[in-house]
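Coordinate analysis (summary)
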Amino acid sequence: MIRHLIPSRVGAFWLENENIVPFECDEAPTNLIHNYLSRINHATRIKNPCVRKGFLDGTGVRGSDEFIEITWDEAINLVSNNLKKYYEKYGSSSIYAESYEWGGVGKISWGRACVQRLINVLGGGVFELGDYSTGAGIVIIPHIFGENVYSRPTDLKEIIKYAKLVVFWGANPLVTSKISHDIPMHEHEKYFYELSKRSDIEIIFIDTHINESAKKLNAKTILINSNTDAAMIIGICHYLYINDLYDKDFINNKVNGFSEFKDYFLGKKDGIIKDLAWASEICGVSYDDLLDFANKLAKNPSKIISGRAIQRQHNGEYNYLALSSLAAMLGYIGKNGLGIEFNLCSGCKGESAKNTKSLKNLNTILGEVKGQNYYIPSSRLNDALLNPNKEIYYDNKLLKYPEIKLLINASGSYFTRQPNVNESIKAWDKAECIITLEPFWTSQAKLSDIVLPVAIEGERYDIEQSSNKEIIFALKPFKNTNYKSDFQICKEIAKKFNKSYEFCKDLDELDLMKIIYNDLSDNYAKENINLPSFDEFFEKSFIKIKGLKELPPFTRFSKLSKMNICINNETAKYDPSDEMKNKFLLHLSTPHSAYRLHSQLDNSIIRDSVSGLEPVLIHSNLAKAKGIKNNDIVRIFNDRGEILCGARISDDVKENTIIVCEGAWWQPLDYTKKSLCINGNVNVLTSSKPSSNLSHSNIGHTCKIDIEKFNDDLIKFKDCYDKATIIDY
Ligand SMILES: Nc1nc2c(c(=O)[nH]1)N[C@H]1C(S)=C(S)[C@@H](COP(=O)(O)OP(=O)(O)OC[C@H]3O[C@@H](n4cnc5c(=O)[nH]c(N)nc54)[C@H](O)[C@@H]3O)O[C@H]1N2
Ligand SMILES: Nc1nc2c(c(=O)[nH]1)N[C@H]1C(S)=C(S)[C@@H](COP(=O)(O)OP(=O)(O)OC[C@H]3O[C@@H](n4cnc5c(=O)[nH]c(N)nc54)[C@H](O)[C@@H]3O)O[C@H]1N2
Ligand SMILES: [Mo]
């Protein structure tokens, strides 16, 4: 039998003839690996390099134009000539090359790293500060705690040992840790289940719906109105203060800014006392439930574990600041297993830590190259394209948007990632040349000028490690294709500029695999941990490193000397955005899907769907009021756009909120202008406004909408997963 090991961001698996068998060291394999075969040969696969007809002859419009297939030689020349043209005419400030995060794994061929290295080698470009995941947190957490939001989290074992109350605040760890940036081993799951089995530990979720993790962990959920966490938290802080239930020693010795915060919740300036009754009115949690929760927090050693959704909101920075202020009043920050956490729920972060070493990547193994670079905050590309030369402050520093003319994208999918799709169409119209490296005809590929078909895992060579870094994988192709890896494409472009030596020392993927593996092996040898030879590793497709030791127990912020809860003269506050006050009365919450990695795997067999469409969770009372029945097709709309979804009626959600997961492919009736999306892409509805002037982060979770039963049987349903039209030329 022929067996091929295929590592991916949703798990590693063996391909045994036509069967998919989970990788033996994966402790809780997800069903997502079973999508592979339906995906690799999917009708939406881009078969050959393509160019938009109108891009060649100066006619037509992106989105309605046909594509023409070209050879790889023609494609590499076309891309290189355009890059040359814009470098010569406008310089590196005209070339946007951030690309994005979640395309294929590998230390050599990760699309984002390859394109960014290429562009740096060619002279530089425009990149982004922060990210979509934690854009607000990245800026505010260092101000509060003096360390990065992504620093190492507390060991789950320590939490199990010391906490009596564990609060998951806007977090869904059993879904968001299905995937990982490395190859997920899902070791965290057993610890989360252990937590739920302990009769002396209470788990409470604070969420807009009863999410999958709350259900699996048999935990209580306090349902909260979307975008009102700051009010709930501040009300609890007021209660702890006036009832003398807070840790005065911690506040006096470790916290700057408490008196300003106290003045705010006592209403010293605005005359509004932010007590539990005030909070209850806003957040939609009953006074009694709030009181009960506040007393539990006051009495029990607790761990507050935050997800990221509450900072992907208007004033998201202040939600993290409010939670940190509450944790400060409880006084457990830094104490064994207790306090607060911001990085424990995503990407298998709850795995136990050992004395492992990281594999190097192209930059760390070959040396970083830096061109003349320019920066915009993450999620501000639309703003920069529509308002070149505009000045904004990012983390109190002045930035000026460059004049971007060319976009080169790999490893990301813009029209599902970026809020406000109809604005994105207008913004992309301003770009003169758009190049996309992609395996599939995503909406981004369809709206590009030059499209290069990329090899996915199982079609290329690479090297990667597991999420716990104990396993090293050799990626190998199991069949020959016409696709090229991101590395090969970028190397060939570099060659056209006579810069392939700077890009990769003229090495190929197999050379680099060997160098990266041997470097790791040498580093382990210094600690008397011996790895097998490269040839043995390559032959076996993976190795599990033996002799690793568990690191001493760790609690985040245990070295904290002082924290700040008043940043730039502002404390945590509840300040609803215009969106919250607009004419649309219902909230749309857009969590990450258990069935996808963002937009990836939407075009595959294992999908969550209702009547063939993206599901929307609706409370039964809301459904009744709107005349909507289970499985009905519904139209969700606001001033920014409209989408279709399939109705799933459930009382697991707040009455005034609907839930649609982010990431469904954008399939509009017309790609060139505002039109109905028949496939439920939430970012047609969301707002591209920045979280605040501090971090300018994305706010995909702050959105108001209306919903109705969709009665128009005149719409002829198109295939939601089709390819671009390709013509002979
Ligand atoms: N399966 C899967 N896993 C993933 C991803 C994926 O696409 N699929 N994406 C990965 C990435 S890139 C990231 S950044 C992380 C994201 O990780 P998170 O940002 O933590 O994930 P979300 O699903 O957006 O939100 C977590 C929870 O917050 C809730 N929530 C939403 N709005 C509110 C609110 O106003 N108040 C409260 N209290 N709760 C709210 C949601 O209902 C959800 O249950 O996940 C990673 N993991
Ligand atoms: N409303 C709302 N919007 C959100 C969020 C939210 O919570 N709500 N979450 C945000 C967050 S946290 C994130 S991280 C972003 C995610 O945004 P993205 O990172 O853009 O998400 P993906 O859809 O995973 O895009 C990856 C793309 O890479 C392609 N790809 C796969 N393999 C390869 C490869 O080997 N090479 C290349 N070149 N391409 C490949 C895939 O086909 C896919 O089109 O979305 C953000 N958008
Ligand atoms: Mo993310």
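Shown above is the structure to which this text applies.
Described in the following lines is the structure provided in the data block. These numbers come from a predicted model, not from an experiment. (Residues numbered from 1 in each chain as written. Chains lettered and ligands numbered in written order. Predicted model: local features only at pLDDT ≥ 70, side-chain atom pairs only at ≥ 80, totals over all residues. Heavy atoms only, no water.)

Focus: the overall build of the protein chain
Per the secondary structure count, the protein chain includes 26 helices and 32 strands. Judged by the C-alpha coordinates and their principal axes, the protein chain covers about 75 × 70 × 50 Å. Burial statistics for the protein chain: of 729 residues in total, 63% are counted as buried. Within the protein chain, contacts between residues separated by at least 24 positions form 75% of all contacts whose residues are at least 6 apart in sequence. Entry remark: accessible area of the protein chain is about 26,900 Å², with carbon and sulfur atoms responsible for 47%. Measuring between centres, the 90 positive side-chain charges of the protein chain sit 2 Å from its 93 negative side-chain charges. (Helix = DSSP H or I, 4+ residues; strand = E, 2+ residues; numbered from the N terminus. Buried < 20%, exposed > 50% of the residue type's maximum accessible area, 1.4 Å probe, protein only. Contact = heavy atoms within 4.5 Å. Areas by Shrake-Rupley, 256 points an atom, 1.4 Å probe, with all protein chains shown as cover. Lys, Arg positive; Asp, Glu negative; His and termini not counted. Charge placed at Lys NZ, Arg CZ, Asp CG, Glu CD.)

With respect to the pattern of salt bridges
On inspection of all chains with the given rule, the structure shows 45 salt bridges. Two residues, Lys335 and Asp247, come together in a salt bridge whose shortest N-O distance is 3.8 Å. Placement of the pair is Lys335 in the loop between α15 (316-330) and β13 (339-341) and Asp247 in the loop between α10 (229-242) and α11 (248-254), with a sequence separation of 88 residues. You can call Lys335 partly exposed: its relative accessible area is 39%. For Asp247, a relative accessible area of 21% translates into the label partly exposed. (Salt bridge = Lys/Arg side-chain N within 4 Å of Asp/Glu carboxyl O.)

Focus: the environment of Trp110
Residue placement: Trp110 occurs in the loop between β6 (95-96) and α4 (111-122). Take Trp110: its relative accessible area is 18%, and that puts it in the buried class. Measuring from C-alpha to C-alpha, the distance between Trp110 and Tyr320 comes to 31 Å, with 210 residues separating the pair along the chain. Leaving out residues up to four positions away in the same chain, Trp110 has contacts with Arg9, Tyr100, Glu101, Gly103, Gly104, His181, Ser411 and Asp462.

Let's talk about the layout of surface pockets
Empty space within the second largest pocket amounts to approximately 530 Å³. Together, 27 residues line the second largest pocket, and His209, Glu212, Asp608, Arg648 and Cys661 are the ones closest to its centre. Of all elements in the fold, only α9 (212-216) and β27 (615-618) reach the threshold of two or more residues within the lining of the second largest pocket. Here the lining of the second largest pocket takes three residues from β27, the largest share from any one element. (1 Å grid on protein atoms, 1.4 Å probe; cavity = no way out; pocket = protein on both sides within 12 Å on 5 of 7 lines; lining within 4 Å. Points joined across faces, edges and corners; volume = space filled by probe spheres on them.)

Here we look at the site of ligand 1
The environment of ligand 1 is formed by 34 residues, the closest being Thr176, Asp207, Asp229, Arg312 and Gln313. Ile206 places a main-chain nitrogen or oxygen 3.1 Å from a nitrogen atom of ligand 1. Interatomic distance of 2.7 Å between a side-chain N/O atom of Gln313 and an oxygen atom of ligand 1. For ligand 1, whose accessible area on its own is 910 Å², the fraction buried by protein is 99%. Counting residues per element, the ones that place at least two in the shell around ligand 1 are α7 (173-176) and β9 (202-207). (Near = heavy atom within 4 Å. Polar contact = N/O pair within 3.5 Å; in protein donor to acceptor, adjacent residues only side chain to side chain.)

Observations regarding the pairing of strand β18 (residues 433-438)
Within β18, six of the six residues are buried, leaving the element largely enclosed by the surrounding structure. Judged by which residues are buried, β18 turns out to be covered on both faces: Cys433, Ile435 and Leu437 on one side and Ile434, Thr436 and Glu438 on the other are all buried. Pairing between strand β17 (residues 406-410) and β18: five bridges, direction parallel. Note on β18: the bridge partner recorded for Asn409 is Thr436. Note: β18 against strand β19 (residues 450-453), four bridges, orientation parallel. Within the sheet, the bridge partner assigned to Glu438 lies in β19 and is Pro453. (Pairing = 2+ DSSP bridges.)

Focus on the environment of Phe537
By the secondary structure assignment, Phe537 is in helix α24 (residues 534-540). The buried category is assigned to Phe537, whose relative accessible area is 0%. The spacing of Phe537 and Lys514 is 23 residues in sequence and 9.9 Å in space, taken between C-alpha atoms. In this structure, Phe537 is in contact with Ile463, Ile472, Phe473, Ala474, Tyr517, Phe542 and Ile543, ignoring residues within four places of it in sequence.

Observations concerning helix α3 (residues 72-90)
Across its 19 residues, α3 extends 27 Å between first and last C-alpha, which sits within 8% of the 27 Å expected from 1.5 Å per residue. Those residues of α3 not exposed but buried are Trp72, Ala75, Ile76, Val79, Ser80, Asn82, Leu83, Tyr86 and Tyr87. Down the axis, α3 shows its buried residues gathered within 160° of arc, on one side only. Pointing more than 90 degrees away from the buried face of α3 are the exposed residues Asp73, Glu88 and Lys89. (Expected span 1.5 Å × (residues − 1). Arc of directions from axis to C-beta.)

Overview of the site of ligand 2
Residues in contact with ligand 2 amount to 33 residues; listed here are only the nearest, Arg312, Ser413, Glu438, Ser599 and Asn683. Here a nitrogen atom of ligand 2 and a backbone polar atom of Arg417 are 2.8 Å apart. Leu437 is positioned such that a nitrogen or oxygen atom in its backbone is 2.9 Å from a nitrogen atom of ligand 2. Here ligand 2, which alone exposes 930 Å², has 99% of that area covered by the protein.

With respect to empty space enclosed by the protein
This model, assessed by the stated rule, comprises two cavities of 30 Å³ or more. There is about 110 Å³ of room inside the second largest cavity. Forming the walls of the second largest cavity are 13 residues, and the residues nearest its centre are Asn227, His314, Asn315, Asn319 and Tyr574.

A look at α10
Its 14 residues give α10 an end-to-end C-alpha distance of 20 Å, which sits within 8% of 20 Å, the value for a rise of 1.5 Å per residue. By the criterion of burial, α10 is predominantly enclosed, with twelve of the 14 residues buried. For α10, the set of buried residues is Asp229, Ala230, Ala231, Met232, Ile233, Ile234, Gly235, Ile236, Cys237, His238, Tyr239 and Leu240. Once α10 ends, the next one or two residues include Asp244, with phi positive near 55°.

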